[in-house]
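# Understanding the architecture of this molecule
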Amino acid sequence: MAYTHNIVGWFEIPVADMERAIKFYESVLQIELTRAQMGPLDMAWFPWFENTTGSGGSLVHHPEHYKPSADGILIYLTTPTGDLNKDLENIKKAGGKIIEPRRKISDDHGYMAIFIDSEGNRVALHSRT
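Here we summarise the structure given alongside this text. (Residues numbered from 1 in each chain as written. Predicted model: local features only at pLDDT ≥ 70, side-chain atom pairs only at ≥ 80, totals over all residues. Heavy atoms only, no water.)

Attention shifts here to the sheet that holds strand β6 (residues 97-106). One open sheet accounts for four strands, arranged β5-β8-β7-β6; its pairing is mixed. Edge strands, defined here as strands with exactly one partner in the open sheet, are β5 (75-78) and β6. Taking each pair of neighbouring strands and ignoring which way they run, the sheet shows an average axis angle of 25 degrees. The sheet contact formed by strand β7 (residues 110-116) and strand β8 (residues 122-127) spans six bridges and is antiparallel. (Pairing = 2+ DSSP bridges. Helix = DSSP H or I, 4+ residues; strand = E, 2+ residues; numbered from the N terminus. Axes fitted to C-alpha atoms, helices over the stretch in contact; angles between N-to-C directions.)

Here's what the structure looks like:
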C-alpha cells in the first residue's frame, strides 16, 4: 500500500492556563496563535499551511478532559525559526525547562531537544540544522 500523506492529522497540547500557554509558545517559536472557542474547548491554533509536510495542531484547555503531563506522548514541533539554539534560549526566558539539550539525531534527520513547557508538558523541538 502506498501512502500519500503523513499519518498524524492533528495534535492537541493540553494547557491549564491558556493565556500563559499562548504567551509561552508565541515567544518561544516566534509565531502567532489563533484563539478560538469550540464549544467547551478553549483552543489556540498553531499556524499551518495546506499542501505541506507536517500537521496542524493547537493548545487546548478543558479542565475535565485535558491534563498537562510530562509523561506520555512526545510531540516534536519543527522550529519555525530554523535556529534551535535560539529557541532553547527563548524557552528558558519564557519560563520553560530544558530537559534534553540540542543534540544530533543523525546526518539525515538533523537535531532535536526536549523541554517542559509553561504548563508542565514534555515537548520536543526539531531542526534540520
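Hydrogen bonds along the backbone pair up the strands of a sheet, which may run parallel or antiparallel. The mixed open sheet is built from four strands, whose spatial order is β1-β4-β3-β2. Looking along the sheet, the strands with just one partner apiece sit at the ends: β1 (10-14) and β2 (34-38). Averaged over all adjacent pairs, the angle separating strand axes in this sheet is 30 degrees, with direction ignored. Relative to strand β3 (residues 41-45), β2 runs antiparallel, the two being bridged by five bridges. Bridged to Arg35 within β3 is Ala44. Helix α1 (residues 18-29) contacts β1, β2, β3 and β4 (56-61) of the sheet and is inclined by roughly 145 degrees relative to β4. (Contact = heavy atoms within 4.5 Å.)

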